[in-house]
Amino acid sequence: MTTKSAAAAARATVYGYPRQGQGRELKKAVEGYWKGRVDADALRATAAELRRTNWQQLAEAGIHEVPTGDFSYYDHVLDTSVMVGAIPERHRAAVERDALDGYFAMARGTQDVAPLEMTKWFDSNYHYLVPELGPDTVFTADSTKQVAELKEALALGLTARPVLVGPITYLLLAKPAPGVSADFDPLTLLDRLLPVYAEVLADLRAAGAEWVQLDEPALVQDRTPAELSAATRTYRDLGALPDRPMLLVASYFDRLGDALPVLAKAPVEGLALDFTGTAAANLDALATVGGLPGKRLVAGVVNGRNIWVNDLTKSLATLGTLLGLAERVDVAASCSLLHVPLDTATERDIEPQILRWLAFARQKTAEIVTLAKGLAQGTDTITAELAANRADLASRAGSPITRDPAVRARTAAVTEADARRAQPYDERTAVQRAHLGLPLLPTTTIGSFPQTGELRTARADLRAGRIGTAGYEERIKAEIQEVISFQEKTGLDVLVHGEPERNDMVQYFAERLTGYLATQHGWVQSYGTRYVRPPILAGDISRPEPMTVRWTTYAQSLTSRPVKGMLTGPVTMLAWSFVRDDQPFGDTARQVALALRDEVNDLEAAGTSVIQVDEPALRETLPLRAADHPAYLAWATEAFRLSTSGVRPDTQIHTHMCYAEFGDVVQAIDDLDADVISLEAARSHMQVARELAGHGYPREAGPGVYDIHSPRVPGIDEAAALLRKGLEAIPPERLWVNPDCGLKTRGWPETRVSLENLVAAARTVRRELTGS
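Residues numbered from 1 in each chain as written. Predicted model: local features only at pLDDT ≥ 70, side-chain atom pairs only at ≥ 80, totals over all residues. Heavy atoms only, no water.

Colleague: Can you break down the packing of helix α5 (residues 89-97) against helix α6 (residues 99-108) residue by residue, with the values?
Modeller: Running from N to C, α5 and α6 point in directions that differ by 150°, and their axes come no closer than 5 Å. When the axis of α5 is compared with that of α6, the two are roughly antiparallel. The two elements α5 and α6 meet at a crossing, and its hand is right-handed. Across the interface between the two elements, H91, A94, V95 and R97 from α5 touch A99, G102, Y103, A105 and M106 from α6. (Axes fitted to C-alpha atoms, helices over the stretch in contact; angles between N-to-C directions. Helix = DSSP H or I, 4+ residues; strand = E, 2+ residues; numbered from the N terminus. Parallel < 35°, antiparallel > 145°, perpendicular 65-115°, else oblique. Left-handed = near helix turned anticlockwise from the far one by under 90°. Contact = heavy atoms within 4.5 Å.)

Colleague: How would you summarise the sheet that holds strand β5 (residues 160-165) if you had to cite specific residues and measurements?
Modeller: Spatially, 7 strands are ordered β1-β5-β7-β8-β9-β10-β11 in an open sheet, and the strand pairing comes out parallel. Sheet topology places β1 (66-68) and β11 (326-333) at the edges, where each strand pairs with a single neighbour. Here the strands of the sheet are splayed against their neighbours by 25° on average, with no regard to which way each runs. Pairing of β5 with strand β7 (residues 211-215), which is carried by 3 bridges, proceeds in the parallel orientation. From the neighbouring strand, V163 faces β7, where its bridge partner is Q213. The strands touched by helix α7 (residues 144-155) are β1 and β5; relative to β5, the strand with the most contacts, the crossing angle is about 160°. (Pairing = 2+ DSSP bridges.)

Colleague: How would you sum up the packing of aromatic side chains? Please name residues and give values.
Modeller: In total, this model carries 17 aromatic pairs according to the counting rule given. Centre to centre, the rings of Y15 and Y252 are 6.1 Å apart; their planes meet at 35°, and the pair counts as tilted. With Y15 in the loop between α1 (3-8) and α2 (25-34) and Y252 in the loop between β8 (246-250) and α11 (259-265), this residue pair connects regions lying 237 residues apart in the sequence. Residue classification places Y15 among the buried residues on the basis of a relative accessible area of 2%. An angle of 85° between the planes, with centres 5.4 Å apart, marks the rings of F486 and W748 as edge-to-face. Pair noted here: F486 is in helix α20 (residues 469-490) and W748 is in helix α29 (residues 748-770), with a separation of 262 residues, a long-range link. Overall, F486 belongs to the buried group, its relative accessible area being 6%. In this structure an aromatic cluster arises from ring pairing among Y33, W34, F71, Y73, Y74, Y103 and F104. Looking at R24, its charged tip hangs above the ring of W523, at a distance of 3.7 Å from the centre. (Phe/Tyr/Trp six-rings, centres within 6.5 Å; stacked < 30°, edge-to-face > 60°. Buried < 20%, exposed > 50% of the residue type's maximum accessible area, 1.4 Å probe, protein only. Lys NZ or Arg CZ within 6 Å of the ring centre and 35° of its normal.)

Colleague: Talk me through the sheet that holds strand β16 (residues 564-568); I want residue IDs and the actual numbers.
Modeller: Spatially, 5 strands are ordered β16-β18-β19-β20-β21 in an open sheet, and the strand pairing comes out parallel. The sheet is open, and its two edges are formed by β16 and β21 (700-703), each paired on a single side. In this sheet, neighbouring strand axes are inclined to one another by 20° on average, regardless of whether the strands run parallel or antiparallel. Here strand β20 (residues 676-679) pairs with β21 via 4 bridges, running parallel. Among the inter-strand pairings, I677 is bridged to a residue of β21, identified as A701. Strands β16 and β18 (610-614) of the sheet are contacted by helix α24 (residues 585-605), whose axis makes an angle of about 175° with β16.

Colleague: Give me the lowdown on unusual backbone geometry, citing residues and values where you can.
Modeller: Positive phi, close to 85°, is recorded for F253, a residue that is not glycine. Counting through the fold element by element, F253 comes out in the loop between β8 and α11. A relative accessible area of 8% places F253 in the buried class.

Colleague: Describe the environment of F449, naming the residues involved and giving the relevant values.
Modeller: Along the chain, F449 falls in the loop between α18 (425-436) and α19 (453-464). Among the residues examined, F449 registers a relative accessible area of 1% and is labelled buried. Among all residues touching F449, those that are not within four sequence positions of it are V483, F486, Q487, V496, G498, L743, K744, W748, T751 and L755.

So this is what it looks like as structure tokens:
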């Protein structure tokens, strides 16, 4: 191997691409299918056209090897469950009747059958459907989707590489199926699963695949010796298959650590590694293990999870070092481009110079191609691109947008006392109970109510100038009146105003804070057909004026019951934005926290007695390596407390978290010092309540009894049964009754019945406890 030959072989590739289409055509087609407006053939045709468009765009940009199999109607982990035949028993009849409807039943549930649990994909804001496995699980291969999509790409004359979730990651992401012992380890099924993967690989080879990528991001987490041994055995066995494609094992999101020597020694033809952020440590680690002699290295040097332009000179230096460590070095993003928007070219409202600081999927593709060209042909061939890149980086570094002296002075003056409530919880809770006068098992919702078509139309009309501000505000008032009236009639104890004025729980605030940029078309998939437009946190943060006080106060004027003020917490404001990468996250979080502190104090001054500061992203942003947890949790919990600690003892602070595994952060949840926390719990059958109890969590909690991510309407008995299960872990004087999450994505008919059932369930269990 020589450096020259490795450089000459350099090619450009990606691991995956945004699925939705330029105009979110996939979302519209899938939701049309659910509503009966689009038939299955039309849905499949839309999907095929989106795949073709993506592949052709990639090829025309200079990508030498396009990915296949990364496209999904809903979720790629669910696709993997279908591929290996891991269909839950309760869904088998639906799948056998109609494969497509059965697929969506697993994702969304039906009125009679619960869906698969949903949680976050590592430390991203993408949600996957959790496989349910048990000792009786029988795997069977079904490579129909994977083979068909490969053939589509090959028919276009493209070099294509199928991408599969690797067997180790698939099993490590799985949970025991309902009725299976909680201590069942899905990894014990590895010997049953590997022959199925072998069959799929053989099918792909027969269909024309030269390479297949097996994604193993779970190996960047801390893994036990037994798990590493399982990885060794997996790739020893798959590598020994007699008739298979060449195998590229991919990891991303962090450094590989102890798994790197395992994969480096495995009898596979290539590794794909992340070299961005903390994963830059893979460079030295790769040298330490002796590199990858005779193998292909796909180097992820372009950040696939953020939107700032790449430092091409720095990336070329990394690539130059890697040339001596592998037989062939190719260039890629650090992970699938699923996590970024599609194209900056559609953004008309961002100033052109600032827009040049940004790189969405199509721009990242161009960066990858430029780097591959420079690596293969020399930097003289990309002189113009390097000069333009240096100018863009300098423009951003020198912009006054990025630095506000007043914000920095205020942040520097923060003391430890600023992030602590003046009274301990035991004293506060007595005062709050006397002040609020709530019953046992108080009922509430998480914040948002359904965003109707009329609301969206009014918002669009306001933007387009078809109605004025006064007309729009009358519409918002009418919606708040309806929401308050419904909650009073239903019997909820702590009300919300429903957030009709808000487009998104992060974007709404970002548009009212300095330092943020908003996109018009920067859609990113969160789960299924749910897409969000993460704002861009570009500079120092401050709050010019109150953001929520007016509408919260108006709602409170309509009722004698307490109305919660609703805010998004500092960690989630970062996690669900594209955050500046030119200063530590903790510094940025403190700036956001101070802006939110001003809002919390203004809400209290306006008479709001209950204020909820949502932090659903606290767990999702937890670093993947345990060694990095303490530093993160220190600044994350401090930022929350800084937001909420300036209030009186009789003001009750709530927080909310959803769709993540909370066991690793129970101590951090305690450290937030919120008076009440509401959490997702319906799909996981109150697991989080047991985790809180095991920790000895001393405050009030509301584990959800209504799964709002499914169209199912829970019956009174079902909600009551979950509530009783919650009471096994949390005493009744500290237990709240609420849905899993906000109701924005649900329709009014199902919302009305579901909340009526929730209140009825709370009353039923309350009578059981009190005898009256």
